[in-house]
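# Report on the structure
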Amino acid sequence: MGKVVVVTSGKGGVGKTTSTAALGAAVAKTGKKVALVDFDVGLRNLDLIMGAERRVVFDLVNVIQGTAKLSQALIRDKRLETLYLLPASQTRDKDALTEEGVEEVIGRLRQVFDYVFCDSPAGIERGAQLAMRFADEAVIVTNPEVSSVRDSDRIIGLLDARTMRAEQGEHIAKHVLVTRYDAARAARGEMLSIDDVLEILSVPLIGIIPESQDVLRASNLGAPVTLSEPINAAAKAYLEAARRLEGEDLPVVVPFERKGFLDRLLGRRAA
Amino acid sequence: MSILDLFKRRTSAPVARERLQVLLAYERRSRAQPDLVSILREEIMAVIAKHVQIDQDYLQVSMDRGETMSTLEIDIQIPNKSPVPLAMAG
């Protein structure tokens, strides 16, 4: 039985989709069978980040409504044969996802895949709640910024109350993934530090992704950063986070910004 | 502002941290209890419904939380066609 991991945040724009793609690809690279499921019905984007936007024929809603088979809707990644994507629908119908339908699809994916990553929509409404509903674990994507931390706290509350596991009195493993972290700004006291975020949320850390231009570059190219630029600092951080997700006991190192002498002199900020 | 303040770089992260700690302590507490405002709203609605027929939308209940005191505002609009003329405002 595979493990179901929801990637969630509450707040939009913090990097849920990017992180789903990067973590999923990182795990798939190790040979594990991975399915990425886009729950953002009406505003799907995981297909675009994965570079599969032109290969979408059927989607999650088609599978739930029975108009397509699961095997027809799953798109196999062109770079990694163990990586699959189940895109969201572009329908405007908010009730296109039913709890029973989601339960069935997740249940079937769990039988075939080692990992099922559910990319949650922003917010705390129905879509976000369905994305987390059947999860065994949660990755809470947080930016070191007040509104993001507050929304993460709200999502943690929901994970502990509204997931199937929580309702059955079971434990749901939660991990914080800090993204867009700028070590230099945090050191200058201009940005919440990792310790601040962890102390406030009191959820263990799974990784720190440094602010990096290569993440945007990977999105532009339609490739998860862990596949396209594996030696980049952000990609390395995602690869390590994926190993921790798989249970490896790997210490988290705060990413260090490498600055050349000229950068320091001119006050240029490394991206 | 003294000359010294110019050199002392004002760091905003500790402010962010403190604001979050205060806010989240409060929000977690209120999350643990059932939503007071919606309970009040439902019960007030039930009391009124015993005497006058009003639409759900005509009842507004809101809570303004202050540090030492909170205000509960209840705004009930009863259409004039209603047999019992009433006006209430909190």
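Residues numbered from 1 in each chain as written. Chains lettered and ligands numbered in written order. Predicted model: local features only at pLDDT ≥ 70, side-chain atom pairs only at ≥ 80, totals over all residues. Heavy atoms only, no water.

Let's shift gears to the environment of A:Q72. Residues and elements named next belong to chain A. Mapped onto the elements, Q72 comes out in helix α4 (residues 70–73). On a C-alpha basis, the gap between Q72 and N45 in space is 19 Å, while along the polypeptide they are 27 residues apart. Within the structure, Q72 has its side chain in polar contact with the backbone nitrogen of K69 (distance 2.8 Å). (Helix = DSSP H or I, 4+ residues; strand = E, 2+ residues; numbered from the N terminus. Polar contact = N/O pair within 3.5 Å; in protein donor to acceptor, adjacent residues only side chain to side chain.)

Residue and element names in this part refer to chain A. Evaluation of the coordinates by the stated rule reveals 22 salt bridges over all chains. One salt bridge in this structure joins R165 and D136, with 3.1 Å as the shortest N-O distance. Of this pair, R165 sits in helix α8 (residues 164–167) while D136 sits in the loop between α6 (126–133) and β6 (137–142), placing them 29 residues apart in sequence. You can call R165 partly exposed: its relative accessible area is 26%. With relative accessibility at 12%, the residue D136 sits in the buried group. (Salt bridge = Lys/Arg side-chain N within 4 Å of Asp/Glu carboxyl O. Buried < 20%, exposed > 50% of the residue type's maximum accessible area, 1.4 Å probe, protein only.)

An ideal rise of 1.5 Å per residue puts 18 Å on 13 residues; helix α13 (residues 233–245) of chain A measures up with 18 Å between its terminal C-alpha atoms. Its side-chain oxygen at 2.8 Å from the backbone nitrogen of A:A234, A:N232 defines the N-terminal cap of α13(A). (Expected span 1.5 Å × (residues − 1).)

To describe a pair of aromatic rings, you give the distance between the ring centres and the angle between the ring planes. Residues and elements named next belong to chain A. In total, this model carries two aromatic pairs over all chains according to the counting rule given. Here the aromatic rings of Y84 and F113 are separated by 5.4 Å at their centres, their planes lie at 70°, and the arrangement is edge-to-face. Of this pair, Y84 sits in strand β4 (residues 83–86) while F113 sits in the loop between α5 (99–112) and β5 (115–119), and the two are 29 residues apart along the sequence. Each member of the pair, Y84 as well as F113, is classed as buried. Between the NZ or CZ atom of K33 and the centre of the ring of F113, over which it lies, the distance is 5.1 Å. (Phe/Tyr/Trp six-rings, centres within 6.5 Å; stacked < 30°, edge-to-face > 60°. Lys NZ or Arg CZ within 6 Å of the ring centre and 35° of its normal.)

What follows is about the sheet that holds β4(A). Sheets are built from strands paired through backbone hydrogen bonds, the pairs being either parallel or antiparallel. Residues and elements named next belong to chain A. An order of β3-β4-β2-β5-β1-β6-β7-β8 is seen for the eight strands of this open sheet, with the pairing classed as mixed. One side of each edge strand has no neighbouring strand; the edge strands of this open sheet are β3 (75–76) and β8 (205–210). When strand β7 (residues 173–181) meets β8, the two strands line up parallel, connected through four bridges. Of the residues in β8, the one forming a bridge with Y181 is P210. Each of β6, β7 and β8 touches helix α10 (residues 194–201); the most contacted strand, β7, lies at about 150° to it. Along the sheet, α13 makes contact with β1 (3–8), β5, β6, β7 and β8, crossing β8 at roughly 170°. (Pairing = 2+ DSSP bridges. Contact = heavy atoms within 4.5 Å. Axes fitted to C-alpha atoms, helices over the stretch in contact; angles between N-to-C directions.)

Moving residue by residue along a regular strand, the side chains alternate between the two faces of the sheet. All names here are of chain A. The element β1 is extensively covered by neighbouring structure, given that five of its six residues are classed as buried. Relative to β5, β1 runs parallel, the two being bridged by five bridges. Among the inter-strand pairings, V5 is bridged to a residue of β5, identified as F117. The pairing of β1 with β6 spans four bridges and is classified as parallel. Along β6, the bridge assignment pairs T8 with I140.

For the rest of this paragraph, the subject is α10(A). All names here are of chain A. Taken residue by residue, α10 has I194, D196, V197, I200 and L201 as its buried positions. All buried residues of α10 fall inside an arc of 165° around its axis, so they share one side. Backbone geometry just after α10 places S202 at a positive phi near 40°. (Arc of directions from axis to C-beta.)

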